Amino acid sequence: METRTFVAPNISCHHCVQTIARELKALEGVREVHGDVVTRQVTVSFEPPATWDRIVAVLHEIGYPPAGA
């Protein structure tokens, strides 16, 4: 399993974190998603068939792209 932590600058409230978690957990292979409103950090744990590229694509689609991605 792979775990990545990133900053999503568009996070402004708990609803944002819930949206990210809901959308990422809908991807097959995503096991855990944890977010922090204050630091705007999100940690996602995943395994195949989920890929980092697919996770980043979903984050862009829902308006919460990782910083620098």
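## A few points about the overall build of the protein
Argument step 1. In terms of helices and strands, the protein carries 2 helices and 3 strands.
Argument step 2. Secondary structure elements of the protein occur, N-terminal to C-terminal, as β-α-β-β-α.
Argument step 3. By the compact-globule yardstick of 11 Å for 69 residues, the protein fits well, its C-alpha radius of gyration being 11 Å.
Argument step 4. Counting only C-alpha atoms, the protein reaches 30 × 20 × 15 Å along its principal axes.
Argument step 5. Across the 69 residues of the protein, 36% fall into the buried class.
Argument step 6. A separation of at least 24 residues holds for 55% of the contacts in the protein among residues at least 6 apart in sequence.

## Some remarks on the pairing of strand S2 (residues 30-36)
On a regular strand, one side chain projects to one face of the sheet and the next to the other, so that they alternate.
Argument step 1. Sheet analysis places S2 next to strand S3 (residues 41-46), joined by 6 bridges and oriented antiparallel. Considered in S3, the bridge of valine 33 is made with valine 44.
Argument step 2. Counted along the chain from S2 to the antiparallel partner S3, the turn is 4 residues long, and its residue arginine 40 has a positive phi close to 60 degrees.

## As for unusual backbone geometry
Argument step 1. A cis amide bond, omega 15 degrees, links proline 48 with the succeeding residue proline 49.
Argument step 2. Structurally, proline 49 can be placed in the loop between S3 and helix H2 (52-61).
Argument step 3. Phi is positive for arginine 40, which is not a glycine, with a value near 60 degrees.
Argument step 4. Mapped onto the elements of the fold, arginine 40 is located in the loop between S2 and S3.

## Brief notes about the packing of aromatic side chains
Argument step 1. Inspection of the entire model under this criterion finds 2 aromatic pairs.
Argument step 2. Taking 6.5 Å as the distance between ring centres and 20 degrees as the angle between the ring planes, the aromatic pair formed by phenylalanine 46 and tryptophan 52 counts as stacked. Tryptophan 52 carries the same exposure label as phenylalanine 46, and that label is buried.
Argument step 3. Clustering of aromatic rings is evident, with ring pairs tying together Phe6, Phe46 and Trp52.

Cut-offs used in this document
Residues numbered from 1 in each chain as written. Predicted model: local features only at pLDDT ≥ 70, side-chain atom pairs only at ≥ 80, totals over all residues. Heavy atoms only, no water. Helix = DSSP H or I, 4+ residues; strand = E, 2+ residues; numbered from the N terminus. Rg over C-alpha atoms; globule rule 2.2 N^0.38 Å. Buried < 20%, exposed > 50% of the residue type's maximum accessible area, 1.4 Å probe, protein only. Contact = heavy atoms within 4.5 Å. Pairing = 2+ DSSP bridges. Phe/Tyr/Trp six-rings, centres within 6.5 Å; stacked < 30°, edge-to-face > 60°.

The analysis is restricted to geometry; functional conclusions fall outside its scope.
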